[in-house]
Amino acid sequence: MPAKGNSDRPNMQHIADAAGVSKSAVSLALKNDPRLPEATRERIQQIAADMGYQRNPVMAGLMAQLRASRTPKFQANLAWLNCAETQDMMQWHTFKNFRKGAKERAQSMGYGLEDFWLGEQGMSAARLAQILNARSIRGVIAAAAQVPGNLHDGYDAFWDQFSCCVVGIANFTPRLPAAIVDHYQVSMLAAQKALEAGYQKPALVLEHALDELLIGRFSAGFHSVVKDLPSNRIAPVHPFDWREKQAFLKWFKEHKPDVIVTAHTDVRKWIDEAGISVPETVGLIHLDLEPEMSDWAGVKQHNEQVGANAADLVIAQITRAETGAFANPKIMMINSDWEDGPSIKKKQL
């Protein structure tokens with residue numbers, strides 16, 4: 001066994017000699033690459049551990065830079081896993097942009113992205129694992145949009161087989177790494193901009209299930225800004241429901257907010273249909289502004305970057321041969337930016 005000094009630090013050739021395999025086989029084993037049989041990978045990994053093998057962080061960094069400067073060689077596909085109850089979740093602009101960002105980042109690192117849906121007829125944890133293993137897919141990005149709790153019942157053993165992360169939310173079981181927007185900062189920024197523009201009575205219109213999904217971060221960020229306003233300047237949160245236009249209009253008439261912060265575009269439609277002028281009578285601020293929403297002011301969440309972060313998380317785990325849940329999973333959270341628009345008054349100087 002090599003000595004402890006740096007000059008005798010075990011390398012992949014030492015491991016190859018000890019295991020009686022090629023250096024390339026050692027490289028594949030240390031990456032937990034399924035092109036090698038599992039038993040062979042485990043044997044080589046154990047030999048490496050017994051020899052005290054450690055990656056050279058300087059060399060790893062140099063190799064990463066070298067790979068980044070080249071057109072990446074195709075490695076494998078990652079799974080983009082729709083965990084929602086309905087397949088049409090991927091039509092929502094937020095998740096479309098998550099996926100776009102993840103696909104572009106994955107491709108830049110030599111990976112493709114293949115779509116799967118947990119709700120597909122006949123799908124089960126065992127069936128999905130069988131499909132992914134047959135296609136040499138080792139990384140899973142789970143796109144989650146459901147109430148807090150187990151990401152999907154019956155899938156506990158499934159996650160242990162793959163390098164995984166969740167995109168969109170961070171409160172789930174099992175405890176997987178996650179790429180998310182800082183929703184607290186999003187709504188805090190929206191409320192701050194409303195007050196800076198001179199509005200006197202800001203209000204939040206938000207679906208209860210959405211706020212619950214985000215552990216109350218939207219409502220908490222908003223209230224962190226308005227909590228010190230006089231009580232007559234604080235309107236109660238209206239629980240948005242796309243089926244309840246009249247309930248919204250009744251709430252608006254009763255509480256008379258002069259600016260509404262919301263994540264729901266139907267609010268603009270209802271306001272316009274009721275003949276209420278924007279921004280003269282009421283200002284509107286959207287919490288997830290997209291380029292096509294030219295008639296809104298609001299907050300840009302940079303959802304493509306969130307998707308790219310998800311790909312980074314999974315590919316890093318594949319490189320380190322990490323699978324399953326973590327006791328303390330990494331959460332990659334990004335801030336958002338304000339964008340002016342015609343749905344609010346110009347700031348009074």
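Analysis parameters
The residue count restarts for each chain, going from 1 along the sequence in the order it is written. Local features in this predicted model are restricted to residues of pLDDT 70 or higher, and side-chain atom pairs are both shown and tallied only at a pLDDT of 80 or more, whereas totals for entire chains, interfaces and linings draw on every residue. Excluded from the side-chain calculations are hydrogens and water; all other atoms, namely the structure's heavy atoms, are used. Each helix corresponds to a stretch of at least 4 residues labelled H or I by DSSP, and each strand to a stretch of at least 2 residues labelled E; elements are numbered beginning at the N terminus. Between the first and last residue of a helix there are one fewer steps than residues, each counted as 1.5 Å, and that sum is the expected span. Residue burial is assigned from relative accessible area. The probe radius is 1.4 Å, only protein chains are included, and a residue is buried under 20% of its type maximum, exposed over 50%, and partly exposed in between. Directions pointing from the helix axis toward each C-beta atom define the arc. Here, residues are in contact when the closest pair of their heavy atoms is within 4.5 Å. Pairing between two strands is assigned when DSSP locates at least 2 bridges connecting them. Orientation is described by lines fitted to C-alpha atoms, with helices fitted over the stretch in contact, and by angles between N-to-C directions that extend from 0 to 180 degrees. In these notes, a set of buried Ala, Val, Leu, Ile, Met, Phe, Trp, Tyr and Cys residues joined through side-chain atoms within 4.5 Å is what counts as a nonpolar core. Here is the rule: rings of Phe, Tyr and Trp (six-membered ring for Trp) pair when centre to centre is within 6.5 Å. Planes less than 30 degrees apart are stacked, more than 60 are edge-to-face, and the remainder are tilted. Any Lys NZ or Arg CZ that is within 6 Å of a ring centre and within 35 degrees of that ring's normal is treated as a charge sitting over the ring. For this analysis, a salt bridge means a side-chain nitrogen from Lys or Arg found within 4 Å of a carboxyl oxygen belonging to Asp or Glu. Note on disulfides: each one is a pair of cysteine sulfur atoms within 2.5 Å. Per-residue confidence from the predictor is given as pLDDT, running between 0 and 100.

Undergrad: Describe helix H3 (residues 38-50), listing the residues and the values that go with them.
TA: Across its 13 residues, H3 extends 18 Å between first and last C-alpha, which sits within 8% of the 18 Å expected from 1.5 Å per residue. Taken together, the buried positions of H3 are occupied by Arg-41, Ile-44, Ile-47 and Ala-48. Looking straight down H3, one finds that the buried residues subtend no more than 130 degrees of arc, so they occupy a single side. Residues of H3 that are exposed and point over 90 degrees away from its buried face: Glu-38, Ala-39 and Ala-49. In the core, the buried residues of H3 are packed alongside helix H1 (12-19) and helix H2 (23-30). Just past H3, the residue Gly-52 takes up positive phi, approximately 75 degrees.

Undergrad: Give me the lowdown on the sheet that holds strand E8 (residues 283-286), citing residues and values where you can.
TA: Either a parallel or an antiparallel arrangement is found when strands of a sheet pair, and the pairing is made through backbone hydrogen bonds. The strand order across the open sheet built from five strands is E6-E7-E8-E9-E11, with neighbouring strands paired in mixed fashion. For this open sheet the edge positions go to strand E6 (202-205) and strand E11 (337-339), each flanked by a neighbour on one side alone. Recorded for the sheet is a direction-independent mean angle of 20 degrees between the axes of neighbouring strands. Pairing between E8 and strand E9 (residues 297-300): two bridges, direction parallel. By the bridge assignment, Ile-285 is partnered in E9 with Ala-297. On top of the sheet, helix H10 (residues 217-226) reaches E6 and strand E7 (259-262); it is set at about 175 degrees to E6, its chief contact.

Undergrad: Quick rundown of the sheet that holds strand E5 (residues 178-181)? Include the residues and the values.
TA: Strand order in the open sheet formed by six strands is E2-E1-E3-E4-E5-E10, with parallel pairing between adjacent strands. Two strands bound the open sheet, and with one partner strand each, they are strand E2 (111-117) and strand E10 (331-334). This sheet shows a mean twist of 20 degrees between the axes of neighbouring strands, independent of strand direction. In this sheet, strand E3 (residues 139-143) lies alongside strand E1 (residues 76-82) in parallel orientation, the contact comprising five bridges. From the neighbouring strand, Leu-81 faces E3, where its bridge partner is Ala-142. The sheet contacts of helix H6 (residues 125-134) involve E1, E2 and E3, and relative to E2 the element is tilted by about 160 degrees.

Undergrad: Can you lay out the nonpolar core for me, pointing to particular residues and giving the numbers?
TA: Ile-141 and Phe-158 are the most contacted members of the largest nonpolar core, which totals 75 residues. A total of seven residues in this core trace back to one element, the largest contributor, which is helix H13 (residues 303-319). Not counting residues within four places of it along the chain, the set of residues in contact with Phe-158 comprises Leu-81, Ala-125, Leu-128, Ala-129, Leu-132 and Val-140. Core analysis: the next-biggest nonpolar cluster, separate from the first, contains 19 residues, Phe-240, Leu-249, Phe-252 and Met-293 among them.

Undergrad: Break down the packing of aromatic side chains for me, with residues and values.
TA: By convention here, two paired aromatic rings are described through the distance between centres and the angle between planes. Taken as a whole and assessed by the stated rule, the structure comprises ten aromatic pairs. Measuring from ring centre to ring centre gives 5.5 Å for Tyr-155 and Phe-158, while their planes differ by 75 degrees; the resulting arrangement is edge-to-face. On the accessibility criterion, Phe-158 (1% relative accessible area) is buried. Under the relative-accessibility criterion, Tyr-155 is labelled buried at 3%. Here Lys-345 stacks its cationic end above the ring of Tyr-199, 4.5 Å away from the centre of that ring.

Undergrad: Please set out the pattern of salt bridges residue by residue, giving values where relevant.
TA: Counted under the stated rule, the structure contains eleven salt bridges. Between Arg-99 and Asp-115 there is a salt bridge; the shortest N-O distance is 2.6 Å. Linking Arg-99 in helix H5 (residues 93-108) with Asp-115 in strand E2, this pair joins segments that are 16 residues apart in sequence. Across the pair Lys-227 and Asp-228 runs a salt bridge, and its minimum N-O distance is 3.3 Å. With a relative accessible area of 53%, Lys-227 lands in the exposed category. With relative accessibility at 65%, the residue Asp-228 sits in the exposed group.

Undergrad: Which residues make up the environment of Gly-112, and what values do they have?
TA: Note on placement: Gly-112 falls in strand E2. Counting along the chain gives ten residues from Gly-112 to Ala-102, while the straight-line C-alpha distance between them is 9.6 Å. For Gly-112, the contacting residues outside a window of four places in its chain are Phe-74, Ala-76, Asn-77, Leu-78 and Ala-106.

Undergrad: Can you lay out the pairing of E5 for me, pointing to particular residues and giving the numbers?
TA: Every second residue of E5 is oriented toward a common face, with Ala-178 and Ile-180 on one face and Ala-179 and Val-181 on the other, all of them buried. Sheet analysis places strand E4 (residues 163-167) next to E5, joined by two bridges and oriented parallel. Bridging across to E5, Val-166 finds its partner in Ala-178. Bridge count for E5 against E10 is four bridges, and the pairing is parallel. Within E10, the residue paired with Val-181 across the bridge is Ile-334.

Undergrad: Got a sec to walk through the state of the cysteines? Specific residues and values, please.
TA: In this structure the tally under the stated criterion is zero disulfides. Cys-165 supplies the cysteine sulfur nearest to Cys-164, a cysteine that is in no disulfide, at a spacing of 8.1 Å.

Undergrad: If you had to explain the confidence of the model for the protein chain to someone new, which residues and values would you point to?
TA: Low pLDDT marks stretches whose predicted atomic positions should not be read closely. In this model, the protein chain carries a mean pLDDT of 88, and residues with pLDDT of at least 70 account for 89%. Confidence drops under pLDDT 50 across residues 1-6; counting only partners more than four residues distant or on other chains, this segment forms eight contacts.

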